[in-house]
Structures are given as C-alpha cells and as structure tokens.
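Coordinates in review
What follows is the residue order along each chain.
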Amino acid sequence: MASTMVAGVLLAAIVSLNSVAFGLYFHISESEKKCFIEDIPDETMVVGKYKVEIFNKEQNKFVPSISGLGMHVEVRDPDDKTLMSRTYAADGRFTFTSSVAGEHVICLHANSSAWFGGSQLRVHLSIHVGERANDYQEIATKDKLSELQLRVRQLLDQVEQISKEQNYQRYREERFRETSESTNQRVLWWAIAQTLILIVTGLWQMRHLKSFFEAKKLV
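What you are looking at is a predicted structure, and each value in this text was computed from that prediction instead of being measured.

Thresholds applied
Residues numbered from 1 in each chain as written. Predicted model: local features only at pLDDT ≥ 70, side-chain atom pairs only at ≥ 80, totals over all residues. Heavy atoms only, no water. Helix = DSSP H or I, 4+ residues; strand = E, 2+ residues; numbered from the N terminus. Polar contact = N/O pair within 3.5 Å; in protein donor to acceptor, adjacent residues only side chain to side chain. Contact = heavy atoms within 4.5 Å. Buried < 20%, exposed > 50% of the residue type's maximum accessible area, 1.4 Å probe, protein only. Disulfide = S-S within 2.5 Å. Patch = residues over 30% accessible without salt bridge, like charges linked within 9 Å, V, L, I, M, F, W, Y side chains within 5 Å. Areas by Shrake-Rupley, 256 points an atom, 1.4 Å probe, with all protein chains shown as cover. Salt bridge = Lys/Arg side-chain N within 4 Å of Asp/Glu carboxyl O. Phe/Tyr/Trp six-rings, centres within 6.5 Å; stacked < 30°, edge-to-face > 60°. Pairing = 2+ DSSP bridges.

For the rest of this paragraph, the subject is the side chain of Thr44. Structurally, Thr44 is set in the loop between β2 (33–40) and β3 (45–56). Within the structure, Thr44 has its side chain in polar contact with the backbone oxygen of Pro41 (distance 3.3 Å). Setting aside chain neighbours within four positions, we find Thr44 in contact with Phe96, Thr97, Ser98, Val129, Gly130, Gln161 and Lys164.

See below:
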C-alpha cells in the first residue's frame, strides 16, 4: 500500500514537470513585438491565453483595453515554417499543434498602433503545453464521462505526454551526440592539418637554410 502511494506521488511529480504551463505579463509599446521560445515535443497541443490592458494616463494605471484593439499571434516551428498567423481580440486564446519537435517561436504584437496612439500595453499571457492544455470539465460534459472515467482519461493523457517528452529528450540527446562527434572529428582533422603545415614549413626552412649556406660556401 505504501509503495503504491509513493509511486503515485512520483508519477504526479513527473507529470507536473513534463506538462508545462506558465503565466506572466509583459509591457509592449506600439509596433513592438514580443517573442517567446518554447521547447515542444511533436504532435503536442499548445493553448495560449492572454488579456491586454492599456495604460490610462488620467487614472495612472492599466485598465481593460479599448474596443477594436487586438493581438496578432504568429507561431513558427523549428524549421522556421509558419504554423499560424492570426489576429485575435484583446482578450482571448489561441491553439496550435506541433508537427515537429524542437524550439517553437511564439510572437505577439498589437494589430494596429492607431488604436491606442502610442500608449503602453500590458499583456497577461499563459501558455499550456501537453495534457494541461485540455479542458477536462468541458470534455467530461461533452462526452458525459463519470468522475472515474474522467480521471482515467487524464491519466492516459499524462502517460502519453510523458512518452512524448521522453522521445523528445532521446531525440535531443541523439542530436547532441551527433554534434559532439562532428565537432571532435573537425578538431582532429584541424590538428592533423596543423601538424602537416608545421612539417612542410620546417622542411622548407631547412632546405632554404641549406641553399643559403651553400651559396655562402659555408658548407
């Protein structure tokens, strides 16, 4: 019984590490773009939620954005291909699914500076990767799942996400090993080239000195 509880705690800890979610806010000015890099396994759903506030000089604080202001969201995959490029409202969410594993670039900027006349914006952003991107209450309502069925669904999604993370880590290790081997091979060939250059230079200097001494009739 105790071992089962420990295993459950460890599984929950692993899941919490592998299912990424973070929240933050940042300030941008007109025409400024903010980009974030996220390491994402392949075939993984990502959900981003944001809310835009505009600085009110009269109240000297950030207030809900004016009507008409929106955010343009652009996502590029590790091959620099555009996965999505779309303009949303000032308060909303965006969703995409990765096709290849690696670093994905998520960029946000205001759709038009004319709406806020150069005022500063505060953007609240949270990004959920993997099974944390699922709204399980909505899934339970839609599929009419019981509490036990919903929990099993969550556990299956978590195990699948852990498997994707492990495959991605193996892929990164393989790429790192290939890069290390390639670098070591280049260093070896560079060392051999330097040695050959030194030998050729030494032989040339010896021949030149011999010719010089012969011309001076010193040998």
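All right, on to the environment of Ile54 then. For Ile54, the position within the fold is in strand β3. Given a relative accessible area of 8%, Ile54 falls into the buried group. Sequence separation between Ile54 and Arg122 is 68 residues, and the spatial gap between their C-alpha atoms is 6.3 Å.

With that settled, the discussion passes to the state of the cysteines. Applying the stated criterion across every chain yields a total of 1 disulfide. A disulfide bridge connects Cys35 with Cys107, and the sulfur atoms are separated by 2.0 Å. The chirality of the disulfide connecting Cys35 with Cys107 is right-handed, given an S-S dihedral of about 105°. Remark: Cys107 occurs in strand β8 (residues 102–110) and Cys35 occurs in strand β2; sequence separation between them is 72 residues. According to the relative accessible area criterion, Cys35 is partly exposed, its value standing at 40%. Under the relative-accessibility criterion, Cys107 is labelled buried at 2%.

This paragraph deals with a nonpolar patch on the surface. Taken together, the side chains of Leu188, Trp189, Ile192, Leu196, Ile199, Leu203 and Met206 present a nonpolar region at the surface, about 760 Å² in accessible area. Note on placement: Leu188 falls in helix α3 (residues 147–215).

Turning our eyes to something else, we now look at the packing of aromatic side chains. Across all of its chains, the model carries 3 aromatic pairs by this definition. An angle of 65° between the planes, with centres 5.3 Å apart, marks the rings of Phe55 and Phe62 as edge-to-face. Judged by its relative accessible area of 25%, Phe55 is partly exposed. Measuring from centroid to centroid gives 6.4 Å for Tyr168 and Tyr171, while their planes differ by 25°, and the two rings are stacked. Of this pair, Tyr168 and Tyr171 both sit in helix α3, 3 residues apart, which is roughly one turn of that helix. Given the relative accessible area of 36%, Tyr171 is considered partly exposed.

It is worth spelling out the pairing of strand β5 (residues 70–76) at this point. Burial runs high along β5: 6 of the 7 residues are buried. Note: β5 against strand β6 (residues 82–89), 7 bridges, orientation antiparallel. The partner of Met71 across the bridge, within β6, is Tyr88. Linking β5 back to β6 in an antiparallel pair, the connection comprises 5 residues, with Asp80 at a positive phi of about 65°.

According to the stated counting rule, one finds 3 salt bridges in the structure shown. Where Arg172 meets Asp39, a salt bridge forms, and the shortest distance between an N and an O atom there is 3.3 Å. Of this pair, Arg172 sits in helix α3 while Asp39 sits in strand β2, placing them 133 residues apart in sequence. With relative accessibility at 40%, the residue Arg172 sits in the partly exposed group.

Along the chain, His104 turns up in strand β8. Each residue touching His104, except ones within four places of it in the same chain, is listed here: Phe36, Ile37, Glu38, Ile40, Arg76, Asp77, Pro78, Leu83, Phe96 and Ser98.

Just geometry here; none of it tells us what the structure is for.
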